[in-house]
Amino acid sequence: MGAPGTTKFQIDLRRHLRERKVERRLREVICEIAEASKYIINSIRTGDLGVAGTSNLYGEEQLALDVLSDRILQKRLKNSGVVSNVVSEENNEIINFECTNKVCYSVAYDPLDGSSLVDVNLAVGTIISIYEGDNILQCGRNQAAAMYILYGPRTTLVYSTGDGVHEFGMNQLMEYTLVKENVTIDKVGGIYSPGGQRNLYTSGTEAFVRSLEEKGHKLRYSGGFVPDINQILMKGRGIFMYPHLQGRPDGKLRLLYELNPMAFLIEQAGGAASTGSKPILDIDPEGIDDCSPVFIGCREDVALAESFIAQE
Ligand code: FBP
């Protein structure tokens, strides 16, 4: 890979996409999002943490950073000329853009997942799901690409277009250069990320978590979906869950722009992502605000979770 004289790790995102023969307009969408992340980083590092005063579909108060990050992404996707529909956690409906190309894409995103963690200086991220065509309500298995940007001590970008999972780091010039190709999840256990209130776990989930603790697995949970998933992906082991809860059968996390993109990435890395009984990527969405329980990570741990839940 790469021209003679350049090491693999000098390959930037645009070149990687081109050398992996990613469709030209899809390359443009991914690179526009990478560009937008530079402005999101700036707003996180310097932005106003005040409350925007509006609320999103779920009634959650919108932090100024949520709104700002949403605007940054929307503007770049609209001006790209290759995006026809957008769904954002921060908007209550599908937004249509003018796409005059014969190949257009639709994008679902969470512009700043875990935004409430910024004011306690914990890591947050942008999560992106991309489909070819105008229909954004497709099952996750149809995604053309999925990616996330993690704003932590380092800024990293992880993407897949269905040909493996690849990690990039942001350098001093704010360019994304290749860190690791074909990231895989292939080891059992080690860590677990139990989201949601433990006292509301159903009997099957509670028994599953107890079995992990009895095997000495370590609890790792930051409250940020992107850093928590990234830890499992980069360590190549473990499981994250935000399960069905007593009184909250669909859990909390949103299908279109949180679960589908992460499930696509984790499956591409050799892991699994389940509702507790079926693959996340096989869910046919009914609306842009669908939620689902999720068990995601190494295949063996997800299969074990499903077996405990089947006995509930
Ligand atoms: P927001 O989209 O409101 O930030 O919620 C998503 C999220 O913050 C995820 O990043 C995280 O995995 C989960 O909620 C944490 O939920 P809880 O605080 O209930 O454990």
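Residues numbered from 1 in each chain as written. Predicted model: local features only at pLDDT ≥ 70, side-chain atom pairs only at ≥ 80, totals over all residues. Heavy atoms only, no water.

Visitor: I tried to follow the sheet that holds strand β6 (residues 124-132) on my own but got confused; where do I start?
Guide: Within a sheet, neighbouring strands are paired by backbone hydrogen bonds and run either parallel or antiparallel to one another. Pairing is mixed in the open sheet, where 8 strands are placed in the order β4-β3-β5-β6-β7-β8-β9-β10. One side of each edge strand has no neighbouring strand; the edge strands of this open sheet are β4 (95-96) and β10 (176-180). Bridge count between strand β5 (residues 105-113) and β6: 7 bridges; the pairing is antiparallel. Across the sheet, residue D110 finds its bridge partner in β6, namely I127. (Pairing = 2+ DSSP bridges. Helix = DSSP H or I, 4+ residues; strand = E, 2+ residues; numbered from the N terminus.)

Visitor: Just checking my understanding: could you explain the pattern of salt bridges for this structure?
Guide: Summed over all chains, the structure comprises 14 salt bridges. Here E28 and R24 are joined by a salt bridge, their closest N and O atoms 3.3 Å apart. Separated by 4 residues within a single helix, E28 and R24 lie in helix α2 (residues 24-46), roughly one turn from each other. Since its relative accessible area comes to 27%, E28 is described here as partly exposed. With a relative accessible area of 44%, R24 lands in the partly exposed category. R141 is the salt-bridge partner of D282, the closest N and O atoms lying 2.7 Å from each other. Separated by 141 residues along the polypeptide, D282 in the loop between β14 (272-274) and β15 (294-297) and R141 in the loop between β6 and β7 (145-151) bring together distant segments of the chain. Classification of D282 by relative accessible area gives partly exposed; the value is 34%. Members of the salt-bridge network, linked through shared partners, are R198, E206, R210 and E213. (Salt bridge = Lys/Arg side-chain N within 4 Å of Asp/Glu carboxyl O. Buried < 20%, exposed > 50% of the residue type's maximum accessible area, 1.4 Å probe, protein only.)

Visitor: Please clarify how the packing of helix α5 (residues 225-235) against helix α6 (residues 255-268) should be interpreted in this entry.
Guide: Packed helix pairs are characterised by how far apart their axes lie and by the angle those axes make with each other. In contact at an axis separation of 12 Å, α5 and α6 are set at 10° when each is read in the N-to-C sense. Put simply, α5 runs roughly parallel to α6. Seen from α5, the contacting residues are F225, V226, I229 and L233; seen from α6, they are E258, L259, M262 and I266. Each residue belonging to the contact of α5 with α6 can be placed in one class, and the counts come to 7 nonpolar, no polar and 1 charged. (Axes fitted to C-alpha atoms, helices over the stretch in contact; angles between N-to-C directions. Parallel < 35°, antiparallel > 145°, perpendicular 65-115°, else oblique. Contact = heavy atoms within 4.5 Å. Nonpolar A, V, L, I, M, F, W, Y, C, P; charged D, E, K, R; others polar.)

Visitor: Where do I start with unusual backbone geometry in this structure?
Guide: Across residues other than glycine, the phi torsion is negative in most instances, and most of the peptide bonds are trans. Backbone geometry at K21 places phi at a positive 60°, although glycine is not the residue there. Within the element layout of this structure, K21 appears in the loop between α1 (13-19) and α2. By relative accessible area, K21 is classed as exposed at 73%. Despite not being glycine, N182 shows a phi value in the positive range, around 50°. Turning to its location among the elements, N182 is positioned in the loop between β10 and β11 (187-194). With a relative accessible area of 40%, N182 lands in the partly exposed category.

Visitor: Can you walk me through the UniProt feature "binding site: Mg(2+) 1" (unreviewed entry) in the protein chain in this structure?
Guide: In the numbering adopted here, UniProt assigns the feature "binding site: Mg(2+) 1" (unreviewed entry) to E89, D110 and L112. These residues run over 24 residues, yet every pair of their C-alpha atoms falls within 9.0 Å of each other. With respect to the helices and strands, E89 occurs in the loop between β3 (83-88) and β4. As for its placement among the helices and strands, L112 is situated in strand β5. (UniProt positions renumbered as here; feature names shortened; annotations may be inferred.)

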